[in-house]
Amino acid sequence: MRAVYGLLRRLVAHELRLIASLWRWVARRPHGVGEGRGFGHARGQAAMMFGFAFVCVVESVGMSVLLRDYPVTHQVVLVLDVYTVVFVIGLYAASVTRPHVLDSTVLRVRNGAHVDLRIPLEDITSVRREMRFTHERADGELNLPVSAQTEVTLELATPVRHFTFMGREQTVHLVRLHADDPDELVRSLTRARTALSPLPDQPA
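This report concerns the structure included in the present document. (Residues numbered from 1 in each chain as written. Predicted model: local features only at pLDDT ≥ 70, side-chain atom pairs only at ≥ 80, totals over all residues. Heavy atoms only, no water.)

This brings us to the overall build of the chain. Helix and strand counts for the chain stand at 4 helices and 8 strands. Starting at the N terminus and ending at the C terminus, the chain contains elements arranged as α-β-α-α-β-β-β-β-β-β-β-α. Seen along its three principal axes, the alpha-carbon backbone of the chain occupies a region of about 80 × 40 × 35 Å. Counting all 204 residues of the chain, 36% fall into the buried class. In the chain, of all internal contacts separated by at least 6 residues, the share reaching a separation of at least 24 is 66%. About 12,400 Å² of surface is accessible on the chain, with carbon and sulfur atoms providing 61% of the total. Averaged over its 24 positive side-chain charges, the chain has a centre that lies 5 Å from the centre of its 21 negative ones. (Helix = DSSP H or I, 4+ residues; strand = E, 2+ residues; numbered from the N terminus. Buried < 20%, exposed > 50% of the residue type's maximum accessible area, 1.4 Å probe, protein only. Contact = heavy atoms within 4.5 Å. Areas by Shrake-Rupley, 256 points an atom, 1.4 Å probe, with all protein chains shown as cover. Lys, Arg positive; Asp, Glu negative; His and termini not counted. Charge placed at Lys NZ, Arg CZ, Asp CG, Glu CD.)

Structural data, given as structure tokens:
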């Protein structure tokens, strides 16, 4: 029973984050950037998400015509259809308003409203530009593709804890992610990591 309650709580929290993301998207107020620098990761999925939303709208119109003689069923299906459209647009809005964030000590890796992983820069041993279109599941690896694609790979000296959407805990030592401008993310992350290391003959 506790597991069911925990799942319901996570689902409700996720829905609330999507709704909040819609407002932030309209208001152009990104979430959690603060003094850091945001790196978008939503550009690659815009066409797909809006295409899917358009299909949902067309389907809603079609179902309205088919069910016009069944008012109760029509109302139920209409509510579900509207919710589906809002959900799809909310997913995209969450990706737009929740970018990856880099500050002087932490890289905040995100994917929509369901992944928010803080990685201390001092724990990153390697960052490289690596384009991949296939991602097999492996222990200790976290893949965050957009349109099945990642371009940046991070290797960690100290594993970080990550909780899946279902609440299962994982320890992650390698992260692959998508960014709209992966080259700039790699350069900025390399500079930030270098700034943490003392210069030769300088005290730490």
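Right, picking up where we left off after that structure.
A word on the layout of surface pockets. Which parts of space are left empty comes out when a probe the size of a water molecule is rolled across the atoms. Size it by volume and the largest pocket reaches roughly 690 Å³. Surrounding the largest pocket, 31 residues form its lining, Arg137, Leu142, Asn143, Leu144 and His162 being those nearest its centre. Elements that contribute at least two residues to the lining of the largest pocket include exactly helix 2 (46-66), helix 3 (71-97), strand 6 (141-144) and strand 8 (169-177). In terms of residue count, the dominant contributor to the lining of the largest pocket is strand 6 (4 residues). (1 Å grid on protein atoms, 1.4 Å probe; cavity = no way out; pocket = protein on both sides within 12 Å on 5 of 7 lines; lining within 4 Å. Points joined across faces, edges and corners; volume = space filled by probe spheres on them.)

Moving on to the packing of helix 2 against helix 3. Where helix 2 meets helix 3, the axes come as close as 9 Å, and the angle between the chain directions of the two elements is 170°. The angle between helix 2 and helix 3 falls in the class roughly antiparallel. Every residue of helix 3 that contacts helix 2 at Ala46, Met49, Phe50, Phe52, Ala53, Cys56, Val57, Glu59, Ser60, Met63 and Ser64 is listed here: His74, Val77, Leu78, Asp81, Thr84, Val85, Val88, Ile89, Leu91 and Tyr92. Considered class by class, the residues forming the contact of helix 2 with helix 3 number 15 nonpolar, 4 polar and 2 charged. (Axes fitted to C-alpha atoms, helices over the stretch in contact; angles between N-to-C directions. Parallel < 35°, antiparallel > 145°, perpendicular 65-115°, else oblique. Nonpolar A, V, L, I, M, F, W, Y, C, P; charged D, E, K, R; others polar.)

A separate point is the packing of aromatic side chains. Describing an aromatic ring pair means giving the distance of the ring centres and the angle of the ring planes. Here the structure, examined in full by the defined rule, presents 4 aromatic pairs. Plain terms: the ring middles of Trp25 and Tyr92 are 5.6 Å apart, the flat faces sit at 80° to each other, and that makes the pair edge-to-face. Of this pair, Trp25 sits in helix 1 (residues 2-27) while Tyr92 sits in helix 3; the two residues are 67 residues apart in sequence, bridging distant segments of the chain. A residue is classified by how much of its surface remains accessible, and Trp25, at 28% relative accessible area, is partly exposed. Residue classification places Tyr92 among the buried positions, given a relative accessible area of 12%. (Phe/Tyr/Trp six-rings, centres within 6.5 Å; stacked < 30°, edge-to-face > 60°.)

As far as function goes, none of this settles anything; it's purely spatial.
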